[in-house]
Amino acid sequence: KNAMYCWRTGALSSFLDNAPTYVVFFNTAGGDPTSLMGEGGMFDISVGSTLLAISGGAVFMGANTYIGNAPNFMVKAIAEENGVKMPSFFGYMAWSAAILIPVFIVVSLFYFQRMVEDMLRMSMDARSSVPTLDLALALWQNATAHAAAL
């Protein structure tokens, strides 16, 4: 659910300003900041916070296009004025898709790791006799433990 909010907010934020996109998805998620922040309130950075997912998607994925984040377009204009060759709108989107989207996928996997672990556990409960799901959960927990150690 939170990954969906992050990616959908980000997709819209790539082409619109961050603030209205944030407000749209904030209201879509329920509009109550207390319930969207999670149990620990504003300083709770635990996985699964809907408000963090919406904010992250709006802010980070605005960099996918020139128009998603106003400074992107300003930097392009200043660079071209000074003779620096800059990619076209679609060229910039291709570069950002090649560089940023894989980064966002990795961040989403680690940020929403509890969600992935819960999905694996539910699958294991449904098919407790399947050893590959136990192995998948063990591998996932091992990978996240190594990433956290870095």
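Analysis parameters
Residues numbered from 1 in each chain as written. Predicted model: local features only at pLDDT ≥ 70, side-chain atom pairs only at ≥ 80, totals over all residues. Heavy atoms only, no water. Helix = DSSP H or I, 4+ residues; strand = E, 2+ residues; numbered from the N terminus. Buried < 20%, exposed > 50% of the residue type's maximum accessible area, 1.4 Å probe, protein only. Contact = heavy atoms within 4.5 Å. Areas by Shrake-Rupley, 256 points an atom, 1.4 Å probe, with all protein chains shown as cover. Patch = residues over 30% accessible without salt bridge, like charges linked within 9 Å, V, L, I, M, F, W, Y side chains within 5 Å. Salt bridge = Lys/Arg side-chain N within 4 Å of Asp/Glu carboxyl O. Axes fitted to C-alpha atoms, helices over the stretch in contact; angles between N-to-C directions. Parallel < 35°, antiparallel > 145°, perpendicular 65-115°, else oblique. Left-handed = near helix turned anticlockwise from the far one by under 90°. Arc of directions from axis to C-beta. Nonpolar A, V, L, I, M, F, W, Y, C, P; charged D, E, K, R; others polar. Phe/Tyr/Trp six-rings, centres within 6.5 Å; stacked < 30°, edge-to-face > 60°.

S.K.: How do you make sense of the overall build of the protein chain when you look at a structure like this?
M.R.: Check the secondary structure of the protein chain and you find eight helices and zero strands. Of all 150 residues assigned to the protein chain, the portion counted as buried reaches 30%. By sequence separation, contacts in the protein chain at least 24 residues apart represent 63% of the contacts at least 6 residues apart. In the form shown here, the protein chain has an accessible surface area of approximately 9400 Å², with 69% of it arising from carbon and sulfur atoms.

S.K.: I'm lost on the side chain of S13 in this one. Help?
M.R.: Residue position: S13 is located in helix α1 (residues 2–13). Overall, S13 belongs to the buried group, its relative accessible area being 0%. With sequence-adjacent residues up to four places away left out, S13 is seen in contact with N18, T21, G57, A58, M61, G62 and G68.

S.K.: Sorry, what's going on with a nonpolar patch on the surface here?
M.R.: A contiguous nonpolar surface patch, about 420 Å² in accessible area, is contributed by L12, F15, L16, V24 and I67. Mapped onto the fold, I67 is located in the loop between α4 (50–60) and α5 (70–81). Of the residues examined, I67 reaches a relative accessible area of 46% and is grouped as partly exposed.

S.K.: Explanation requested: the packing of helix α2 (residues 18–28) against α4 in the structure shown.
M.R.: Axes are the key here: two packed helices are described by the angle between their axes and the distance separating the axes. Interhelical geometry of α2 versus α4 gives an angle of 155° and a closest axis separation of 9 Å. In terms of axis orientation, α2 runs roughly antiparallel to α4. For the pair α2 and α4, the crossing hand works out as right-handed. In this structure, α2 uses N18, Y22, F25 and F26 to contact α4, whose residues at the interface are L51, I54, S55, A58 and V59.

S.K.: Quick question: what am I supposed to make of the pattern of salt bridges here?
M.R.: Side-chain pairing between opposite charges can occur once the charged atoms of the two side chains come close. On inspection of all chains with the given rule, the structure shows one salt bridge. Across the pair E80 and K76 runs a salt bridge whose closest N-O atoms are separated by 2.6 Å. Within this pair, E80 and its partner K76 are both found in helix α5, separated by four residues, close to a single helical turn. Take E80: its relative accessible area is 39%, and that puts it in the partly exposed class. Note on K76: relative accessible area 13%, which makes it buried.

S.K.: I'm lost on α2 in this one. Help?
M.R.: Given 3.6 residues per turn, any residue in an α-helix points the same way as the ones three and four places further on. Along α2, the residues classified as buried are N18, T21, F25 and F26. Angular distribution of buried residues about the axis of α2 spans 130°; they occupy a single face of the element. Note on α2: the residue one or two positions beyond its end, G30, has a positive phi of about 130°.

S.K.: What is the right way to look at the packing of α1 against α2 in this model?
M.R.: At a closest axis distance of 9 Å, the pairing of α1 and α2 adopts a crossing angle of 145°. Once α1 is placed against α2, the crossing between them reads as right-handed. Residues Y5, R8, T9, L12 and S13 of α1 form the contact with α2, whose participating residues are N18, T21, F25 and T28. Here the contact of α1 with α2 is built from residues that sort into three nonpolar, five polar and one charged.

S.K.: What is the right way to read the packing of aromatic side chains from this model?
M.R.: Two descriptors summarise a pair of aromatic rings, namely the distance from one centre to the other and the angle between the planes of the rings. Counted under the stated rule, the structure contains three aromatic pairs. Note on Y66 and F73: the rings are 6.4 Å apart at their centroids and 70° apart in plane angle, and the pair reads as edge-to-face. Using a relative accessible area of 2% as the deciding quantity, one classes Y66 as buried. Judged by centre distance (4.3 Å) and plane angle (25°), the ring pair of Y66 and Y92 falls under stacked. In this pair, Y66 is assigned in the loop between α4 and α5 and Y92 in helix α6 (residues 89–111), connecting sequence segments 26 residues apart. Like Y66, the residue Y92 is buried in the burial classification. Through pairs of rings, three or more aromatic residues link up here, namely Y66, F73 and Y92.

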